[in-house]
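Secondary and tertiary structure notes
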Amino acid sequence: MKTRITELLGIEYPIVQGAMAWIAEHHLAAAVSKAGGLGIIAGGAAPVDYIRDEIRKAREITDKPLGMNIMLLSPNADDLAQLAIDEKIEVLTTGAGNPGKYMAEWKNANIKVMPVVASVALAKRMERAGADAVIAEGMESGGHIGELTTMPLVPQVVDAVKIPVIAAGGIADGRGLAASLMLGAEGVQCGTIFLATPECCISDKYKELVLKATDISTVVTGRPSGHPCRSIKTPLQRRCLELEKTVTDKSLEEIEEATAGSLRKAVQEGDYENGTFLCGQIAGMLKELHPCEEVLKSMTAEAEELLKSAYKRFE
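Each value, and the rule that gives it
- Residues numbered from 1 in each chain as written.
- Predicted model: local features only at pLDDT ≥ 70, side-chain atom pairs only at ≥ 80, totals over all residues.
- Heavy atoms only, no water.
- Phe/Tyr/Trp six-rings, centres within 6.5 Å; stacked < 30°, edge-to-face > 60°.
- Helix = DSSP H or I, 4+ residues; strand = E, 2+ residues; numbered from the N terminus.
- Buried < 20%, exposed > 50% of the residue type's maximum accessible area, 1.4 Å probe, protein only.
- Axes fitted to C-alpha atoms, helices over the stretch in contact; angles between N-to-C directions.
- Parallel < 35°, antiparallel > 145°, perpendicular 65-115°, else oblique.
- Left-handed = near helix turned anticlockwise from the far one by under 90°.
- Contact = heavy atoms within 4.5 Å.
- Nonpolar A, V, L, I, M, F, W, Y, C, P; charged D, E, K, R; others polar.
- Pairing = 2+ DSSP bridges.
- Core = buried A, V, L, I, M, F, W, Y, C linked by side-chain atoms within 4.5 Å.
- 1 Å grid on protein atoms, 1.4 Å probe; cavity = no way out; pocket = protein on both sides within 12 Å on 5 of 7 lines; lining within 4 Å.
- Points joined across faces, edges and corners; volume = space filled by probe spheres on them.
- Disulfide = S-S within 2.5 Å.
- Polar contact = N/O pair within 3.5 Å; in protein donor to acceptor, adjacent residues only side chain to side chain.

Time to look at the packing of aromatic side chains. In the structure shown here, the tally under the stated rule is two aromatic pairs. Taking the centre distance of 5.2 Å and the plane angle of 25° together, the rings of Y102 and W106 count as stacked. Of the two residues, Y102 and W106 are both situated in helix α5 (residues 100-108); the distance of four residues between them amounts to about one turn of the helix. Note on accessibility: Y102 and W106 belong to one class, buried. When the centroid spacing of 5.0 Å and the interplanar angle of 80° are considered together, the rings of Y206 and F277 count as edge-to-face. With Y206 in helix α10 (residues 204-212) and F277 in the loop between α13 (262-269) and α14 (292-313), this residue pair connects regions lying 71 residues apart in the sequence. Like Y206, the residue F277 is buried in the burial classification.

Following this line, the structure appears as structure tokens:
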């Protein structure tokens, strides 16, 4: 399956692994890249030396193109922007800000830049800033989200920009990939499905919750603070939702204290009571673990078959 995204990134399958903080480290990113997709190492607010080490470990596993994510509001964004150049990262995805001030140096280093966007206005702004592609992410995704769902967002972004668009949010199989291509996207970004892979180094409890999830197992918290985030319903999320019913400085402070470090507690410790288990709405489709290579191959093969069948049906 060849699209402008496979050609732009030099990958076999038009599938990008989402940059999940504390989750998207070298084991997962290298496995996805080695299998023919684009693996992403999440920068987050991690120390530069740690991310450098993760990149180099991934390079030991595969020589295929490798991506890195930078949250532009992170205090170490400047250092990570330079690290990407120093380590010859092929692709950067960005979020939470405008990458414009780094663009010239990244382009000089032959780095492809793909910001995550949640609106048409932001997509157009990123195109003007020099982005090579944009990732249009619907609110079905796990983690920080916007307000638009994938189905209306993707075609509107496709119509608004000339650069390639990658669809994200609610995509877990060939049906999602085929639908995204029909909406005009030229690739997809997936996060939650890679939680259900052996190569993903999260706690056993995290994987158990993902595999046991149903269509209504996730919830969005953080709207009152302006930072909505989707995760699996746990005691912590229920406490946050209760506190959000009455928005005061005190309640917001209590939420901030309760959630500090909660993602790490989920990923590393499997702390069900106090962890934040980021997860998208498609978790209900995931019933067992599958290796990254199998995920990429089966998703693409199913999409190709569906598209061929649809074409024949209307001949």
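What follows continues from the structure just given.
Below, the discussion takes up the packing of helix α3 (residues 48-61) against helix α4 (residues 77-86). Relative orientation of the contacting elements α3 and α4 amounts to 25°, with a least axis distance of 10 Å. As summarised for this structure, α3 and α4 are arranged roughly parallel, according to the angle between their axes. Here α3 runs over α4; the crossing is right-handed. Taking contact as the criterion, the partners of V48, I51, R52 and I55 in α3 are, on α4, D79, L80 and L83. Residue classes in the contact of α3 with α4 are distributed as five nonpolar, no polar and two charged.

Where burial is concerned, the two faces of strand β6 (residues 134-137) agree: the one with V134 and A136 and the one with I135 and E137 are both buried. Alignment of strand β5 (residues 112-117) against β6, held across two bridges, turns out to be parallel. The partner of V117 across the bridge, within β6, is A136. Examined bridge by bridge, β6 and strand β8 (residues 165-168) share four bridges and lie parallel to one another. Residue pairing across strands places A136 opposite A167, the latter belonging to β8.

For the rest of this paragraph, the subject is the sheet that holds strand β10 (residues 218-221). Spatial ordering of the open sheet is given by β7-β11-β10, a layout of three strands whose pairing is antiparallel. What marks the edges here is a single partner per strand, and that holds for β7 (143-144) and β10. The pairing of β7 with strand β11 (residues 229-232) spans two bridges and is antiparallel. The partner of H144 across the bridge, within β11, is C229. Sheet strands in contact with helix α11 (residues 235-244) are β10 and β11, and its direction is about 40° off that of β10.

What follows is about the nonpolar core. Counting residues in hydrophobic clusters, the biggest one holds 54 residues, and the most contacted among them are F194 and Y206. Of the residues forming this core, the biggest block, five residues, is contributed by α14. Not counting residues up to four positions away in its chain, the partners in contact with F194 are I15, V16, Q17, L28, V32, C200, C292, V295 and L296. Listed in part, the 24 residues of the second largest apolar core include I51, L72, A81 and W106.

Estimates place the volume of the second largest pocket at around 270 Å³. As for the second largest pocket, its lining consists of 15 residues, and the residues nearest its centre are A172, I193, L286, H290 and S298. If you tally residues by element for the lining of the second largest pocket, the top one is α14, at five residues.

With that settled, consider the state of the cysteines. Evaluation of the coordinates by the stated rule reveals zero disulfides. As a non-bridged cysteine, C229 has C240 as the owner of its nearest cysteine sulfur, 10.0 Å distant.

As a further point, take the environment of T276. Along the polypeptide, T276 turns up in the loop between α13 and α14. Taking the C-alpha atoms as reference, T276 lies 22 Å from Y50; in sequence the two are 226 residues apart. With residues near it in sequence (within four places) discarded, T276 still touches S231, L236, Q237, S262, L263 and A266. Side-chain polar atoms of T276 contact the side chain of Q237, separated by 3.3 Å.

Given a relative accessible area of 0%, W106 falls into the buried group. Residues contacting W106, with those up to four places away along its chain left out, are I70, A81, I85, L92, T94, P99, I111 and V113.

Before going further, it helps to examine the sheet that holds β5. The eight strands lie next to each other as β1-β9-β8-β6-β5-β4-β3-β2, forming an open sheet whose pairing is parallel. Two strands lie at the open edges of the sheet, namely β1 (15-17) and β2 (39-42), each paired on one side alone. Strand-to-strand twist in this sheet, taken as the mean axis angle between neighbours without regard to direction, amounts to 30°.

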